[in-house]
Amino acid sequence: MNASTKSRRYVRPLDIAHGQVDLSHGSGGRAMAQLIGELFLPEFDNPFLREGNDGARLPAVPGRMVMASDAHVVSPLFFPGGDIGCLAVHGTVNDLAVMGAQPHWLSASFILEEGLPLAQLQQIARSMGRAAREAGVAIVTGDTKVVERGKGDGVFIATTGVGFLPEGVEITGDRARPGDRILVSGPLGDHGMAIMAQRESLGFASEIQSDTAALHGLVATLLQSGVDIRVLRDPTRGGLATTLNEIAGQSGVGMMLQESAIPVRPAVAGACEFLGLDPLYVANEGKLVAIVAPEDADRALAVLRAHPLGCEAAIIGLVQADPHQFVQMTTRLGGRRIVDWLSGEQLPRIC
Amino acid sequence: MKYVDEFRDATLAQNLARAIAAEVKPDCEYHFMEFCGGHTHAISRYGVTDLLPPNVHLIHGPGCPVCVLPVGRLDMAIKLALAHEVTLCTYADTLRVPASGGMSLMKARARGADIRMVYSAADALSLAQQQPEKQVVFFAIGFETTTPPTAVVIRQAAALGLPNFSVLCCHVLTPPAMRRILEAPPDALALDGLIGPAHVSTIIGSRPYEFIAEAYRKPVVIAGFEPLDVMQAILMLVRQCREGRAEVENEFTRAVTREGNRKAQHLMDEVFELRDEFEWRGLGTIPHSALKIRARYEQFDAERRFTLAFQPVADHRSCDCGAILRGVKHPRECVLFANVCTPESPMGACMVSSEGACAAHYTYGRFRDMEKPA
Ligand code: SF4
């Protein structure tokens, strides 16, 4: 992979400060090798990647593995609280984490748009590398393609992750039972509104930061506490409403939420109000939904709150028997409504 | 956003609920229509009906701009985009409304039509400035709330002498639609009062509703779009009924006066004039119920520039949108509701717009149909 840069012939180093992605960076030729060697490798460096083969040779592991994949498109590429790079790591790490798995390896594929400044790409790669190190995962293989100007949004990143499932952990979407309690690890809608506030230039909402974060640590403490966890999910695209409807469908149950118990930051609520959106449908990138046995609810809440990523956790409702599998909510006013699947495409693309 | 929360406070809501319960006569049935889709949405979104006594019934009105747009008008917009190859700028709500021949603006877009979603008339105007080589048409729909901004862009286009900008004007007026509703025979629609529009009234004021109290002897209370506004308005309507009054009252005094916004009215008057008649979806053809662009701005009138003619189109046979828009049926009474017709595959406009009665009932309230069958 880095052979060309070590060749004895003089090769002018990549001009990261002023250069831009061009079609040759996806051609499979020397320019691509140089991009990988000088821009990506230093940020992701690990023994598997350093071998420079087409694929990564990984050690055998005992027990079951979990694999998850996530594609990331976001505009703007950089937003308060993060960027597409760390998002691409957290997204896949979280998909593994909510299965109860310990994430280990990632692959990363980049689709770059001609004209993307190399400095921006480096910033993104750096952020990915940092997020991977913090999450204890290695980016072991990847790919790069370049599309013509106008055919991409700067950069798209697809990541696939592999993790190990500890003995005895069974966390799947079909295990919610009537009576179970529903918890969230913190305020909802931060990520989606951080992006939307940027895009719509909402001055008053500029303080909103994306919540993008790796959740496997939070999940691990919950697992260690011995709480009877039925289901875990990260409510990303489509927000809490979509996630709960998915679980209700998988488990064949209904739910009843308390609107007044659902944490939403005032700035997020205000920005949603302004844009005519419902925070329950806005994306999160660092929040956990946990459904736990009723007798363990208070303990689960205490465990979540003791962790930095869960200090604003709350119990927001309960699972109930319902042949129609409706997710319902008692509104702040005291009336009732359905919290339905998102229909149509009211939200611009945000994750 | 403390301001907003004040209008959604649970304690205030409970107090209002108690006041309404104390005010209604137990042996009376009360039927109030909320004219506006904005109210319909708020009522469903906050479950307001759960806080009302069982003998207070809310009827959804026709005040949803997309819902009252006849199919023929959508066809005109689609024709502009496909046959005349203009850049058509439209509010997002219109995109998925079914038009004739299984088409919609969304499907036209998939076939290559240049259709852009805009948040305001001003967005359409700036697009026309950015691409002078292409004709840009703004698909202008809505009641009196969205009309002044359309007037503004037409005036600006005239001042700039923009040759590539025009407007497909489908703006409609609230009072004639209310009159049409009130003309319905009482056995078709029992009506004891109206919750009047919020945003529309900020423009036209409360005076244009006075005929309702005078000629039809029905109380009107103009209300804001927050759920507590609606509850307060219901309380005021119940009081009027109890005291035998029929007056236009204003709950939304923080934004509405009797005279309305004079400046906006003058602006509208300068750019638009009354159409002799206009076909509404569900309400039929109503004289003097819509606006067209005045002759002095005719070069910005897409109907003239592209010589478009309106062709009436019949609705789907089983679709009850018409009856729902007139208030004589509830969404659950449509045979297509929630089986053939859902927000994902809407048969009628009422299932598309978030202000549509069918969409609001489907999205927020359909669990009630399971609890107590209609
Ligand atoms: S359910 Fe669909 S078809 Fe029936 S009235 Fe409503 S929108 Fe029209």
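What you are looking at is a predicted structure, and each value in this text was computed from that prediction instead of being measured.

1. Some remarks on the layout of surface pockets
Residue and element names in this part refer to chain B.
Moving on, step 1. Taken as a whole, the second largest pocket spans an internal volume of roughly 860 Å³.
Moving on, step 2. Looking at the second largest pocket, it is lined by 35 residues, and the ones nearest its centre are Thr49, His57, Leu58, His330 and Arg332.
Moving on, step 3. When residues of the lining of the second largest pocket are traced back to their parent elements, those giving at least two are helix H3 (37-45), strand E2 (56-63), helix H15 (357-365) and helix H16 (367-371).
Moving on, step 4. Considering each element in turn, the lining of the second largest pocket owes the most residues, 5 residues, to E2.
Moving on, step 5. Here the lining of the second largest pocket is built from residues that sort into 16 nonpolar, 10 polar and 9 charged.
Moving on, step 6. Mapping the lining of the second largest pocket onto the domain boundaries places at least three of its residues in each of domain 1 (1-315) and domain 2 (321-371).

2. Topic: the domain arrangement of chain B
All names here are of chain B.
Moving on, step 1. Partitioning chain B into structural domains gives domain 1 (1-315) and domain 2 (321-371).
Moving on, step 2. For domain 1 versus domain 2, the separation of C-alpha centres amounts to 18 Å.
Moving on, step 3. Contacts between the two partners involve 30 residues from domain 1 and, on the opposite side, 25 residues from domain 2.
Moving on, step 4. Summed over both partners, the interface of domain 1 with domain 2 comes to about 2,100 Å²; 59% of that surface belongs to carbon and sulfur atoms.
Moving on, step 5. In this structure, arginine 368 engages aspartate 50 in a salt bridge whose closest nitrogen and oxygen atoms are separated by 2.7 Å.

3. Considering the sheet that holds strand E5 (residues 136-142) of chain B
Residues and elements named next belong to chain B.
Moving on, step 1. With parallel pairing, 4 strands are arranged side by side in an open sheet as E4-E3-E5-E6. Only two strands of the sheet have a single partner each, and these edge strands are strand E4 (114-117) and strand E6 (165-171). With strand direction ignored, the average angle separating the axes of adjacent strands in the sheet is 20°.
Moving on, step 2. Inspection of the sheet shows strand E3 (residues 87-90) paired to E5 by 3 bridges, in the parallel sense. Considered in E5, the bridge of leucine 88 is made with valine 137.
Moving on, step 3. Contacts from helix H6 (residues 121-130) reach E3, E4, E5 and E6, with the element oriented near 175° to E5.

4. A word on the state of the cysteines
Residues and elements named next belong to chain B.
Moving on, step 1. A complete count under the given rule lists 1 disulfide over all chains for this structure.
Moving on, step 2. With a sulfur-sulfur separation of 2.2 Å, cysteine 64 is cross-linked through a disulfide to cysteine 67. Measuring handedness by torsion sign, the sulfur bridge of cysteine 64 and cysteine 67 sits at about 65° and is right-handed.
Moving on, step 3. Cysteine 64 sits in the buried class, given a relative accessible area of 2%.
Moving on, step 4. This cysteine, cysteine 241, is not joined by any disulfide, and cysteine 28 carries the nearest cysteine sulfur, 8.2 Å off.
Moving on, step 5. Classification of cysteine 241 by relative accessible area gives partly exposed; the value is 26%.

5. Brief notes about the packing of helix H7 (residues 147-160) of chain B against helix H12 (residues 262-271) of chain B
All names here are of chain B.
Moving on, step 1. Closest axis-to-axis distance for the H7/H12 pair is 9 Å, and the angle between their directions is 55°. Between H7 and H12, the angle falls in the class oblique. In this structure, H7 crosses over H12, and the sense of that crossing is left-handed. Where H7 approaches H12, its residues Thr147, Pro148, Ala151, Val152, Ile154 and Arg155 are matched on the opposing element by Ala264, Leu267, Met268, Glu270 and Val271.

6. So, the pairing of strand E5 (residues 138-147) of chain A
All names here are of chain A.
Moving on, step 1. Pairing analysis gives 9 bridges linking strand E4 (residues 102-113) to E5, with the strands arranged parallel. Note that in E5 the partner of alanine 108 across the bridge is glycine 142.
Moving on, step 2. This β-α-β element, E4 to helix H5 (residues 118-135) to E5, shows right-handed connectivity.

7. Here's the deal with the interface of chain B and chain A
Moving on, step 1. The interface of chain B with chain A comprises 32 residues on the first partner and 23 residues on the second.
Moving on, step 2. Of the roughly 2,200 Å² buried at the junction of chain B and chain A (both faces included), carbon and sulfur atoms supply 52%.
Moving on, step 3. Our count for the chain B to chain A interface comes out at 6 residue pairs in polar contact (both at pLDDT 80 or more).
Moving on, step 4. The dominant element in the side of chain B that touches chain A, judged by the number of residues it contributes, is H16(B), at 4 residues.
Moving on, step 5. A class-by-class count of the residues in the side of chain B that touches chain A yields 17 nonpolar, 4 polar and 11 charged.

8. Side note on helix H2 (residues 10-23) of chain B
All names here are of chain B.
Moving on, step 1. With 14 residues, H2 extends 20 Å between its outermost C-alpha atoms, agreeing within 8% with the 20 Å of an ideal straight helix rising 1.5 Å per residue.
Moving on, step 2. Along H2, the positions that sit buried rather than exposed are Ala13, Leu16, Ala17, Ile20 and Glu23. The buried residues of H2 occupy one face: seen down the axis, they fall within an arc of 130°. Pointing more than 90 degrees away from the buried face of H2 are the exposed residues Thr11, Arg18 and Ala22.
Moving on, step 3. In this structure, the buried side of H2 is in contact with strand E1 (30-36) and helix H11 (227-242).

Rules and cut-offs
- Residues numbered from 1 in each chain as written.
- Chains lettered and ligands numbered in written order.
- Predicted model: local features only at pLDDT ≥ 70, side-chain atom pairs only at ≥ 80, totals over all residues.
- Heavy atoms only, no water.
- 1 Å grid on protein atoms, 1.4 Å probe; cavity = no way out; pocket = protein on both sides within 12 Å on 5 of 7 lines; lining within 4 Å.
- Points joined across faces, edges and corners; volume = space filled by probe spheres on them.
- Helix = DSSP H or I, 4+ residues; strand = E, 2+ residues; numbered from the N terminus.
- Nonpolar A, V, L, I, M, F, W, Y, C, P; charged D, E, K, R; others polar.
- Domains from an automatic or database assignment.
- Contact = heavy atoms within 4.5 Å.
- Buried area = accessible area lost by both parts, 1.4 Å probe.
- Salt bridge = Lys/Arg side-chain N within 4 Å of Asp/Glu carboxyl O.
- Pairing = 2+ DSSP bridges.
- Axes fitted to C-alpha atoms, helices over the stretch in contact; angles between N-to-C directions.
- Disulfide = S-S within 2.5 Å.
- Buried < 20%, exposed > 50% of the residue type's maximum accessible area, 1.4 Å probe, protein only.
- Parallel < 35°, antiparallel > 145°, perpendicular 65-115°, else oblique.
- Left-handed = near helix turned anticlockwise from the far one by under 90°.
- Right-handed = clockwise from strand over helix to strand, strands pointing away.
- Polar contact = N/O pair within 3.5 Å; in protein donor to acceptor, adjacent residues only side chain to side chain.
- Expected span 1.5 Å × (residues − 1).
- Arc of directions from axis to C-beta.

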